[in-house]
Every structure is written in C-alpha cells, then in structure tokens.
Amino acid sequence: MSLIVKPFAPSRLTLGLQALVSRLPSTHPQYLKLQKELKNKEAGDFGELYIMKELQKYQQLSDCHILHNVILPTVLPMQIDILIITPSGIIILEIKNIRGTVHFKKEPRQLIRITETGEVRAFTNPEIQLEQYILAMKDFLDAHDITMPIYGAIVFPFNNVDIYREGGELPILMGKELPMYIHKLIAQKLDIATDDLAHIILSQMRQMHPFPLCKFYKIEPSVLQRGVTCENCGQLRMQKLKATWFCQKCEHKCKEAHMSALRDFYMLVGDSMTNRECRDFLKIESPHVTKRVLQKLYLTSSGIGKHTKYNLSSLNGNR
Ligand SMILES: [Zn+2]
C-alpha cells in the first residue's frame, strides 16, 4: 500500500460554490454561470478522487508518498492536483475531467472543448499549467538543496472524451495508462530518500483563499437567501426550537443544523459576524437565543455588547 500523506478533499472553491448556488436566487444574473462553474468544479473533484483511489491500488507505489491538491509558496503560482513522490523522482499529475471533444491547439496554445450539444468553450491549455508547476517545483527543490527529476502528465480519468492534439511535449494520458506510465518512471531506480521531502512539502503547504465568495464574484450579500438548510430535504426551512432545529417542510430534526449555515456565512459573506447578522442569516428571532447559539461554539470574539464580532475562521469551510 502506498502512503497517502495528504488525502483527497473537495476543493474549498467547490464547497463555497455549492453554498453560493444553493443560496443565490435562480433569477440572479450570475446564477446560470455559477451553476455551470460548480458543475465543472464538481466534475474536476470527481476525476481527482477517482485517480487518487486508483493510485492507492498500485503495488508499485508502495514506497511512495501521494498528495492531493498541493499549493506551495513558489515564485510562480502552483496548484497541483496530485503529487507523487517516488524514489525515482517527483510526478505531477494534472487531472482533466472534461467530456466531449477536446483540441489541444498549438498557436495560440488553448484547449477547445466541444460538447455533444455543439457548445464550444476555450480553457487554459493544461500543458501551460503543468509546465509552470514543474518549473515552480524545480525552484522549490532548489531552494531546499534537493535535486531530483520532475515529471508531469495530463490525465483524462475517463474514456468519455475524444482528444486531438497539435504538437506539444508533455504526455497526455488516459486514466488506464497511468500504471504503465508510472511503472516506466519508477523502473529507473534512483533510490532517492522520499520521507524528508514529503515532510518538507507538508510543512510548507498553503491553502487556497477564495473566501468570501460574494466579494470574489462581486455579488451583493443581501441578495442571498437567508435561513438554515435542512440536511434531509435541502430546503432553507429549519426553524429554531428550544432544544433543536425543526424542518417546517419534512419535519426533520437536527441539533447542529446551524453549523452549515454559519459555514455558508463564512464562505460567502465574511469571516466574522455580529449577533444581529447571525439572527438575520439564520432567521432566529431572539437575540438571546442567538447569543446562546454563538457562545456554545467557543469562537474568539472582539468588541463588546451588540458590537461583539464573533470570529468564524475556525469553521474554515470544511465539512
Ligand atoms: Zn427538511
């Protein structure tokens, strides 16, 4: 079994977009665009999760470290989907879960996707991204006095795509080709110690900071639908009762229902909230009940009285 030192987690942008699309009225001018963006992000995450699961099955990776979603402080921006540290070198995988027909165009370098319905869309050519990540990784290794080969490949996880390519250097692989590709690289035995590098990378890891998304997408927070989402039926219909939350639609009860609403606020609106903002967003009538809800979370706060601002950063958008 290989060592998954950083397991798959949905990207923060996906989690934020899920919250945004669920709270944005469908009549909002940006709604359809964001819904599409969310679908693309979810498909991307799904492809990365699939490849992470496949990699775990490979016997040949038994003494390797596998990391999902790697962002390091480097001269050029870096966001690696999957990083494999092997005794023969580093492998950077750029995962593209895109359906339809795709053309890797040469001049200018673009990725053009045509869907089954004939819709045409241009994407950043993943080869440009991958070249940049390889360069950034080389720079990172240099800064830590580490020399080892760095390989990179673009991977289409599923056979749901027709790929056409004009030139280009870096390998483009289907998911099923990965075992052979990795096998060939690892066969060149270099016996590089991998534990130290895995440790350095983990200690330098950064996170993406897209929040608050209302600011990111220039959406007025007041247009968002208020309320607490029911985990059972998905409606914003949870009502605060004395000891629990109660869904007015499906009668589901949940004591912790407010947690996801507070995370939504953190991801969409801001990293701190007052009692009034909390009452408004969670649709609780009583300031006293709201105060109890907030105090139970042991959040750090600043200010006094009604100006008290509760810091939501510890909620962090993770579920
Ligand atoms: Zn419900």
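Please read all numbers here as calculations on a predicted model, not as lab measurements.

Parameters at a glance
- Residues numbered from 1 in each chain as written.
- Predicted model: local features only at pLDDT ≥ 70, side-chain atom pairs only at ≥ 80, totals over all residues.
- Heavy atoms only, no water.
- Helix = DSSP H or I, 4+ residues; strand = E, 2+ residues; numbered from the N terminus.
- Buried < 20%, exposed > 50% of the residue type's maximum accessible area, 1.4 Å probe, protein only.
- Contact = heavy atoms within 4.5 Å.
- Areas by Shrake-Rupley, 256 points an atom, 1.4 Å probe, with all protein chains shown as cover.
- Lys, Arg positive; Asp, Glu negative; His and termini not counted.
- Charge placed at Lys NZ, Arg CZ, Asp CG, Glu CD.
- Donors = N, O, S within 2.8 Å, 3.2 Å for Na, K, Ca; no water.
- Pairing = 2+ DSSP bridges.
- Axes fitted to C-alpha atoms, helices over the stretch in contact; angles between N-to-C directions.
- Domains from an automatic or database assignment.
- Buried area = accessible area lost by both parts, 1.4 Å probe.
- Salt bridge = Lys/Arg side-chain N within 4 Å of Asp/Glu carboxyl O.
- Patch = residues over 30% accessible without salt bridge, like charges linked within 9 Å, V, L, I, M, F, W, Y side chains within 5 Å.
- Disulfide = S-S within 2.5 Å.

1. Topic: the overall build of the chain
Part 1: From N to C terminus, the chain includes nine helices and 16 strands.
Part 2: For the chain, the spread of C-alpha atoms along the principal axes amounts to about 65 × 50 × 35 Å.
Part 3: Split into buried and exposed, the 319 residues of the chain put 46% on the buried side.
Part 4: When contacts within the chain are restricted to residue pairs at least 6 apart in sequence, those whose partners lie at least 24 apart make up 62%.
Part 5: Of the roughly 17,100 Å² of accessible surface on the chain, a fraction of 52% belongs to carbon and sulfur atoms.
Part 6: Each charge sign in the chain was given a centre, from 41 positive and 32 negative side chains, and these centres are 11 Å apart.

2. Observations regarding the coordination of the zinc ion
Any two of four tetrahedral donors ideally make an angle of 109.5 degrees at the metal, while pairs among six octahedral donors ideally make 90 or 180 degrees.
Part 1: Every protein donor of the zinc ion is accounted for by Cys230 (SG), Cys233 (SG), Cys247 (SG) and Cys250 (SG), and the metal-donor separations fall at 2.3 Å.
Part 2: Of note, the donors binding the zinc ion are all from one chain and are spaced C-x2-C-x13-C-x2-C. Placement of Cys233 in the loop between helix 6 (213-216) and strand 11 (238-240) and of Cys247 in strand 12 (residues 245-247) is noted, with a sequence separation of 14 residues between them.
Part 3: For Cys233, a relative accessible area of 27% puts it in the partly exposed group.

3. Let's talk about the sheet that holds strand 5 (residues 100-105)
Part 1: Taken together, the four strands give an open sheet; going across it, the order is 7-6-5-9, and neighbouring strands pair in mixed fashion. Of all strands in the sheet, those bounded by a partner on one side alone are strand 7 (120-124) and strand 9 (161-165). For this sheet, the mean angle separating the axes of adjacent strands, direction not counted, is 20°.
Part 2: Across five bridges, the pairing between strand 6 (residues 110-114) and strand 7 is antiparallel. Of the residues in strand 7, the one forming a bridge with Arg113 is Arg121.

4. Details of the domain arrangement of the chain
Often, the extent of an interface is quoted as the loss of accessible area on bringing the components together.
Part 1: Annotation of the chain at the domain level lists domain 1 (3-204) and domain 2 (226-315).
Part 2: Each of domain 1 and domain 2 has a C-alpha centre, and these two points are 36 Å apart.
Part 3: On the side of domain 2, 10 residues touch domain 1, which itself brings seven residues to the contact.
Part 4: Note on domain 1 versus domain 2: buried area summed over both sides is about 560 Å², and carbon and sulfur give 60% of it.

5. Quick word on the pattern of salt bridges
Part 1: Evaluated as defined, the whole model comprises nine salt bridges.
Part 2: Of the charged contacts, one joins Arg23 and Asp264 as a salt bridge, the two residues approaching to 2.9 Å between their closest N and O atoms. Of this pair, Arg23 sits in helix 1 (residues 12-23) while Asp264 sits in helix 7 (residues 258-268); the two residues are 241 residues apart in sequence, bridging distant segments of the chain. Here Arg23 matches Asp264 in class, with each residue buried.
Part 3: The network of salt bridges with shared partners includes Arg109, Glu127, Glu131 and Arg165.

6. Re a positive patch on the surface
Part 1: Together, Lys242, Lys255, Arg292 and Lys296 make up a region of like positive charge exposed at the surface.
Part 2: By the element assignment, Lys242 lies in the loop between strand 11 and strand 12.
Part 3: Judged by its relative accessible area of 85%, Lys242 is exposed.

7. Remarks on unusual backbone geometry
Part 1: Each neighbour pair has its own omega, and for Glu107 with Pro108 the value is -5°, a cis peptide bond.
Part 2: In this structure, Pro108 sits in the loop between strand 5 and strand 6.
Part 3: That bond from Phe211 to Pro212 is cis: its omega, -5°, falls within 30 degrees of zero.
Part 4: Even without being glycine, Glu251 reaches a positive phi, approximately 65°.
Part 5: You can see Glu251 is positioned in the loop between strand 12 and strand 13 (253-254).

8. Some remarks on the sheet that holds strand 8 (residues 150-156)
Each strand in a sheet pairs with another by means of backbone hydrogen bonds, the pair being arranged parallel or else antiparallel.
Part 1: Strand order in this open sheet of six strands is 1-2-3-4-8-10, and the pairing throughout is mixed. The sheet is open, and its two edges are formed by strand 1 (3-6) and strand 10 (172-174), each paired on a single side. Neighbour-to-neighbour, the strand axes of this sheet turn through a mean angle of 30°, independent of strand direction.
Part 2: The pairing of strand 8 with strand 10 spans three bridges and is classified as parallel. In the sheet register, Phe156 faces strand 10, and the bridge partner there is Met174.

9. Regarding the state of the cysteines
Part 1: Applying the stated criterion across every chain, the model contains zero disulfides.
Part 2: With no disulfide of its own, Cys254 lies closest to Cys230 among cysteine sulfurs, the gap being 8.3 Å.

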